[in-house]
Amino acid sequence: MSIRLSDILSAEAVEALIDFLSNLERIAKAFSSSLDLLNTMRVGEARVQLAEVLKLEEKGRDLRTRLEELIVSSRLEPSLKEDLLNFVIKADAIGDHVKEAARELTILPILEIPVEIRNGIVELSKLSITALQQLISAAKKTMEGNNVKALEDIKLINKYEERADQVDLANRGLLLTLADKLRPVTMSILIHDLNKDLEESVDACQVAGEYLKLIILTWLA
């Protein structure tokens, strides 16, 4: 029978982990909502959701610190502590990349971006959100002892990461091809930064997923 992650963590650490994951989930929902609003030209409402992303990410720092403190002070094996901390650090980095993307979307005139690039940005954004949601799902399943399903979720994250690499490359190519349509020049820089943050958020999901996989196979099998 599979061991549940919640069986080896203290009740306080389990609660802290749930709070940390729930905050990441709220970040994903707020960012997703902002994209939907931008696509329907409801810019003012979208900026409210983007501001919520920034607020939630700031809250996430405190949640991460609390969780790290509980892991470090626990009586777990040192190598397990290290694996858990690596997972938490990389999962937190996802929120940081999404926060930066939210900042860039706040000032980018998204509807003035050529449709070819805009479509790529939208796809990369959706991949970022989906990968994060899949990671949260996998982490929750490890807490329930459903480790086989968690590993399936992690496998899907790897597929999203591969697709994100392809979209990232295509978007960067379009920035060169359509450079004449991007005025002022600062728009190209903002789009490049947005593209990079979105792609790196998916990368961070993939790495966090690998740390979670290591925890499952090493400590929960």
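Keep in mind the model is a prediction, meaning the values are calculated, not measured. (Residues numbered from 1 in each chain as written. Predicted model: local features only at pLDDT ≥ 70, side-chain atom pairs only at ≥ 80, totals over all residues. Heavy atoms only, no water.)

Participant: Help me understand the packing of helix H6 (residues 147-177) against helix H7 (residues 185-219), please; the structure alone is not making it clear to me.
Facilitator: A pair of packed helices is captured by two measures, namely the crossing angle of their axes and the spacing between those axes. Interaxial distance between H6 and H7 falls to 9 Å at its minimum, and their mutual angle equals 160°. Considered as vectors, H6 and H7 are oriented roughly antiparallel to each other. Helix-helix and strand crossings are classified by hand; for H6 and H7 the assignment is left-handed. Residues of the contact of H6 with H7, tallied by class, amount to 13 nonpolar, eight polar and eight charged. (Axes fitted to C-alpha atoms, helices over the stretch in contact; angles between N-to-C directions. Helix = DSSP H or I, 4+ residues; strand = E, 2+ residues; numbered from the N terminus. Parallel < 35°, antiparallel > 145°, perpendicular 65-115°, else oblique. Left-handed = near helix turned anticlockwise from the far one by under 90°. Nonpolar A, V, L, I, M, F, W, Y, C, P; charged D, E, K, R; others polar.)

Participant: Just checking my understanding: could you explain helix H2 (residues 11-39) for this structure?
Facilitator: Residue pairs three or four apart in sequence face the same way in an α-helix, which turns once every 3.6 residues. Over its 29 residues, H2 runs 42 Å from end to end, which matches the ideal 42 Å to within 8%, given 1.5 Å per residue. Backbone geometry just downstream of H2 places Met41 in the positive-phi region, at approximately 65°. (Expected span 1.5 Å × (residues − 1).)

Participant: I keep staring at a positive patch on the surface and nothing clicks. Help me out?
Facilitator: Where like charges cluster on the molecular surface, the positive patch consists of Arg26, Lys29, Lys55 and Lys59. At the level of secondary structure, the elements contributing two or more residues to the positive patch comprise H2 and helix H3 (43-72). For Lys59, the position within the fold is in helix H3. Among the residues examined, Lys59 registers a relative accessible area of 43% and is labelled partly exposed. (Patch = residues over 30% accessible without salt bridge, like charges linked within 9 Å, V, L, I, M, F, W, Y side chains within 5 Å. Areas by Shrake-Rupley, 256 points an atom, 1.4 Å probe, with all protein chains shown as cover. Salt bridge = Lys/Arg side-chain N within 4 Å of Asp/Glu carboxyl O. Lys, Arg positive; Asp, Glu negative; His and termini not counted. Charge placed at Lys NZ, Arg CZ, Asp CG, Glu CD. Buried < 20%, exposed > 50% of the residue type's maximum accessible area, 1.4 Å probe, protein only.)

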